[in-house]
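Observations on chain architecture
In case you want the letters, here they are:
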Number of protein chains: 2
Amino acid sequence: MEPTHRFLRACRGLAVDRVPIWLMRQAGRYLPEYRAVRARTDFLGLCKTPELACEVTLQPIDLFGLDAAILFSDILLPLEAMGLPLAFTEDGPTLPEPVRDRAAIARLCVPDAETTMPFVGAAVRQIRAALAGRVPLIGFGGAPFTLAAYAVEGGGSTQWLRGRRLLYEAPQSAHELLGKVARTVAAALIAQVDAGAEAIQLFDSWAGVLAPAEFEAFALRHAAETIAAVKAHADVPVIYFVNGVAPVIDLVRQSGADVIGIDWRVELGEARRRLGSIPVQGNLDPVAMFAPPAKIEAKAAAILRAGGGVGHIFNLGHGILPETPVDNVRALVAAVRSYAP
Amino acid sequence: MEPTHRFLRACRGLAVDRVPIWLMRQAGRYLPEYRAVRARTDFLGLCKTPELACEVTLQPIDLFGLDAAILFSDILLPLEAMGLPLAFTEDGPTLPEPVRDRAAIARLCVPDAETTMPFVGAAVRQIRAALAGRVPLIGFGGAPFTLAAYAVEGGGSTQWLRGRRLLYEAPQSAHELLGKVARTVAAALIAQVDAGAEAIQLFDSWAGVLAPAEFEAFALRHAAETIAAVKAHADVPVIYFVNGVAPVIDLVRQSGADVIGIDWRVELGEARRRLGSIPVQGNLDPVAMFAPPAKIEAKAAAILRAGGGVGHIFNLGHGILPETPVDNVRALVAAVRSYAP
């Protein structure tokens, strides 16, 4: 049966009344309403308290009339469920017991999502109830390479050298680690779908640091494994977002995703030419949100023109930045909603 | 007159006996010989003492028989000459008086290179004398956007948000800053050429964070300004290296460079197809240097095959990493030198 909501229709390449828009990290620090909730608990507490996760998930829907909600959570929670302690500091996430040898990889478990992350399913159910059909809910997870890179580094990194070295120095160990992460993330995404998520986005935030051969052999292969498991379970659209996709744009179709997320560094018309008929999502530079509204509107119009109206979901090309002026978000959403080709 | 050395011939797309090889940051921390010299002074002292800069420049030539030497220096020295205090700490470069407003941009001078950086010309002359014609000497500089990004941030950054915001928020100020940097770098490169540098590499290490429209309007435009000034002064080959070139590979020809440096994230055959007949330099993943030698040799052979033998300078796709095993460098150089298609 054809979906009726424009976001889900765009994911399938079906005709829409207008191009849908949502924003990566739309429930986030740029919103005073989010900061007010966040002041009551720490970041992990927010992720793990379904009422609060539900509250912040709905904020940008109520404020801006965006076309999809996305579960408030964090891509690193499944690593904690696999057995890696996880904390968030002012400098970002930290994993104090990083995976540095074969024994550590062997110790990782592939957990049951509903047992180890019950708060995720609970949040999804609450959000679906609160949305009451207004807009679809997107569930999400981190792609295997991105999560494995965090597990190996023990936190964020600029160059992800440990993660990249593993692929060259110990490819079999790398596959073992990536396979475990792929199965864990698949189970977590399936749990989200079972709880009511109507689409899934898989974030490969750091796979863009890889050479194309390593991207294909490691990142793409295991992302495809995760996507195949989700698609075998339920017919939900899957969006695969690789940050820094340009060098591998001819490969990402092989992921099996329904939609390809495009970061801000690719001209969207070029992405469409390279990808053929597969729907795309993106891709305004998050930093463009600091420009005067007239310039934001012109940039959005250029992206909408390049997107061609069908099989295009408007989004930023990466997460919205904490300092983004809320009025500029309003201007962007208004421009996309009123765009007439 | 046609050059005779294979590196300079490859820069012109002329036939060569074999593909030349040099390595970005080849005089660096991975070498015990470099660390021994570095132990005698701090990093800026090494850059500013011609005898020491000469000594470390020659080390990899003597050790590995590479096909070009590159001046030991730092891309940030011209910023210091423009009036910005500069220091190097364990965490990298820091500019304690960053450029944060129009007045700060107005205060920057466009210095005379020989007066403000006499040690650079002196180092070039000493290195040329010490090389005695064995291999050509490459001079280098940072491209305007990359240097402006450092000037605005006050040091290194992962996202370069201040530099990127400037382009959207105050494009005229951005052009003023970039124009001053472009003229400063051009003067510095011309001074290197006058002192004896036989080729120039312009490093746009961070322009890869820009959206294509901003890359073209800001980074590329001012890099082209610098390159045009150098080429108007002397007929030396110029290599333009953009780290993260994939999304803008169809634009970089407009830089006016003779050679395009390709980072490790692009498959070199694809780069050749996109760039047509213009010579290319690259592009082994620096992290591949941690693989067993047999794998390094296979990766190098694949790049040499894709490069096609003419108009190709073998290099890494980014600077060699400090932890790189010296024996693996030896294996790589031997593989490239003995490669027979």
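Report on the accompanying structure. (Residues numbered from 1 in each chain as written. Chains lettered and ligands numbered in written order. Predicted model: local features only at pLDDT ≥ 70, side-chain atom pairs only at ≥ 80, totals over all residues. Heavy atoms only, no water.)

1. Structural notes on the overall build of chain A
Quick note on the threshold: Starting at the N terminus, helices and strands are each numbered in turn, a helix being any DSSP run of H or I of at least four residues and a strand any DSSP run of E of at least two. The globule rule used for comparison is 2.2 Å times the number of residues to the exponent 0.38, while the radius of gyration itself is calculated over C-alpha atoms. Burial classes follow relative accessibility: with a 1.4 Å probe on protein chains only, a residue under 20% of its type's maximum area counts as buried, one over 50% as exposed, and anything between as partly exposed. With residues, only the protein chains shown are counted as cover, and all accessible areas are computed by Shrake-Rupley using a 1.4 Å probe. Under the convention used here, Asp and Glu are negative, Lys and Arg are positive, and both His and the chain ends fall outside the count. Lys charges are placed at NZ, Arg charges at CZ, Asp charges at CG and Glu charges at CD.
Across its full length, chain A holds 15 helices and nine strands. Computed over C-alpha atoms, the radius of gyration of chain A comes to 19 Å, within 12% of the 20 Å expected from 2.2 N^0.38 for 341 residues, which places it in the range of a compact globule. Dimensions of chain A, computed from C-alpha atoms along their principal axes, come out at roughly 55 × 45 × 40 Å. With 341 residues in all, chain A has 63% of them scored as buried. For chain A, the exposed surface amounts to about 12,100 Å²; the carbon and sulfur share of it is 53%. For chain A, the separation between the mean place of its 33 positive charges and that of its 35 negative charges on side chains is 3 Å.

2. A short note on the sheet that holds strand S5 (residues 199-204) of chain B
All names here are of chain B. We apply this condition: In this analysis, strands are considered paired if DSSP registers two or more bridges between them.
Taken together, the seven strands give an open sheet; going across it, the order is S1-S4-S5-S6-S7-S8-S9, and neighbouring strands pair in parallel fashion. The open sheet has two edge strands with one neighbour each: strand S1 (69-70) and strand S9 (312-316). In the sheet, strand S8 (residues 280-284) pairs with S9 via five bridges, with the strands oriented parallel. Bridged to leucine 284 within S9 is leucine 316.

3. Here's the deal with the pattern of salt bridges
This is how the line gets drawn: Criterion for a salt bridge: a side-chain nitrogen of Lys or Arg within 4 Å of a carboxyl oxygen of Asp or Glu.
The final tally for this structure, using the stated rule, is 43 salt bridges over all chains. Across the pair Arg273(A) and Glu270(A) runs a salt bridge whose closest N-O atoms are separated by 3.5 Å. Taken as a pair, Arg273(A) and Glu270(A) lie in helix H13 (residues 268-275) at a separation of three residues, close to a single helical turn. When its relative accessible area of 59% is taken as the criterion, Arg273(A) is described as exposed. For Arg6(B), the salt bridge is made with Asp17(B), and the minimal N-O distance between the two is 2.8 Å.

4. Thoughts on the packing of helix H9 (residues 144-153) of chain B against helix H10 (residues 161-169) of chain B
Axis angle and axis distance: for two packed helices, these are the angle between their axes and the distance between the axes, and together they describe the pair. All names here are of chain B. Quick reminder of the rule: Throughout, an axis means a line fitted to C-alpha atoms (over the contacting stretch in the case of helices), and angles, computed between N-to-C directions, take values from 0 to 180 degrees. Roughly parallel here means an angle under 35 degrees, roughly antiparallel means over 145, roughly perpendicular means 65 to 115, and every remaining angle is called oblique. Throughout, a residue-residue contact means that at least one pair of heavy atoms, one from each residue, lies within 4.5 Å.
Contact geometry for H9 and H10: axes closest at 8 Å, N-to-C directions at 105 degrees. In this view, H9 runs roughly perpendicular relative to H10, as classed from their interaxial angle. Across from Phe145, Val152 and Glu153 in H9, the residues of H10 making contact are Leu161, Arg162, Gly163, Leu166 and Leu167.

5. So, the relation of the copies chain B and chain A
The line we're drawing: The atoms used to superpose the copies are C-alpha atoms, taken from residues with pLDDT of at least 70 in both, and the fit is least squares.
Rotating chain B by 180 degrees and moving it 0.0 Å along the rotation axis overlays it on chain A with an RMSD of 0.0 Å. Here the two chains are linked by the operation of a two-fold rotation axis. Looking at chain B, 100% of its interface residues are interface residues in chain A too, so the copies touch through the same face.

6. Some thoughts on the packing of aromatic side chains
Remark: the centre distance and the inter-plane angle together describe each pair of aromatic rings, the angle taken between the planes. Put simply, the rule is: Planes of paired rings set the category: under 30 degrees apart is stacked, over 60 is edge-to-face and the rest tilted, where pairs are Phe, Tyr or Trp rings (Trp by its six-membered ring) whose centres lie within 6.5 Å. Placement of a positive charge over a ring is assigned whenever Lys NZ or Arg CZ falls within 6 Å of the ring centre and within 35 degrees of the normal to the ring plane.
Counting across every chain of the model gives 16 aromatic pairs over all chains. Measuring from centroid to centroid gives 5.7 Å for Tyr34(B) and Phe72(B), while their planes differ by 45 degrees, and the two rings are tilted. Residue Tyr34(B) is located in helix H2 (residues 32-38), and its partner Phe72(B) is located in the loop between S1 and helix H5 (77-81); the two are separated by 38 residues in the primary sequence. The exposure classification of Tyr34(B) matches that of Phe72(B), with both residues buried. Pairwise contacts between aromatic rings join Tyr34(A), Phe43(A), Phe72(A) and Phe88(A) into one cluster. The ring of Phe290(A) has Arg165(B) sitting right over it, with the charged end atom 3.8 Å from the ring centre.

7. Re the layout of surface pockets
Cut-off, in case you're wondering: Here the term cavity refers to a set of points on a 1 Å grid, laid over the protein atoms alone, in which a 1.4 Å probe fits but cannot get out; the term pocket refers to an open set having protein on both sides within 12 Å along at least five of seven lines, with lining residues being those that place an atom within 4 Å of a point. Grid points are joined across faces, edges and corners, and a volume is the space filled by probe spheres set on the points. Each residue receives one of three labels: charged for Asp, Glu, Lys and Arg, nonpolar for Ala, Val, Leu, Ile, Met, Phe, Trp, Tyr, Cys and Pro, and polar for the others, Gly being one of them.
In this model, the second largest pocket occupies a volume close to 760 Å³. Taken together, 40 residues form the lining of the second largest pocket, with Val266(A), Glu267(A), Glu270(A), Pro212(B) and Pro247(B) sitting closest to its centre. Those elements that place two or more of their residues in the lining of the second largest pocket are helix H12 (212-233), H13, strand S8 (280-284) and helix H14 (293-307) of chain A together with helix H12 (212-233) and helix H13 (268-275) of chain B. Partitioning the lining of the second largest pocket into residue classes produces 25 nonpolar, one polar and 14 charged.

8. Concerning helix H8 (residues 118-131) of chain A
Operational definition: One less than the number of residues in a helix, times 1.5 Å, gives the span that helix is expected to have.
With 14 residues, H8(A) extends 20 Å between its outermost C-alpha atoms, agreeing within 8% with the 20 Å of an ideal straight helix rising 1.5 Å per residue. Burial in H8(A) covers these residues: Phe119(A), Val120(A), Gly121(A), Ala123(A), Val124(A), Ile127(A) and Leu131(A).

9. Some words on unusual backbone geometry
Residue and element names in this part refer to chain A. The linkage connecting glycine 282 with the following residue, asparagine 283, adopts the cis geometry, with an omega of 0 degrees. Mapped onto the elements of the fold, asparagine 283 is located in strand S8. With phi around 60 degrees, arginine 25 is a residue other than glycine that occupies positive phi space. Locating arginine 25 in the fold gives a position in the loop between helix H1 (6-11) and helix H2 (32-38).

10. A word on the environment of Glu80(B)
Residue and element names in this part refer to chain B. Note that glutamate 80 resides in helix H5. In this structure glutamate 80 comes out as partly exposed when scored by relative accessible area, which is 25%. When the C-alpha positions of glutamate 80 and threonine 116 are compared, they lie 9.0 Å apart, and in sequence the two are 36 residues distant. For glutamate 80, the residues in contact, after removing those within four places along its chain, are Lys48 and Leu86.

11. Comments concerning the interface of chain B and chain A
The following threshold applies: Here the quantity called buried area is the total loss of accessible area, with a 1.4 Å probe, experienced by two parts when brought into contact, counted for both. Nitrogen and oxygen atoms within 3.5 Å of one another constitute a polar contact, given that in protein one can donate a hydrogen and the other can accept it, and given that sequence-neighbouring residues count only through two side-chain atoms.
With 35 residues of chain B in contact, the opposing surface of chain A contributes 35 residues. Counting the surface lost from both chain B and chain A, the interface buries some 2,700 Å², and carbon and sulfur atoms represent 58% of this. Sorting the residues of chain B by area buried against chain A places Tyr168(B), Arg265(B) and Val287(B) first, and these three jointly supply 23% of that buried surface. Summed over the shared surface of chain B and chain A, the result is six salt bridges. Note that Asp285(B) is salt-bridged to Arg164(A), the shortest N-O span being 3.1 Å. Run the count over chain B and chain A and you get 12 residue pairs in polar contact (both at pLDDT 80 or more). Counting only elements with at least two residues in the side of chain B that touches chain A, the list comes to H10, H12, H13 and helix H14 (293-307) of chain B. A total of six residues in the side of chain B that touches chain A trace back to one element, the largest contributor, which is H10(B). Per-class residue counts for the side of chain B that touches chain A are 19 nonpolar, four polar and 12 charged.

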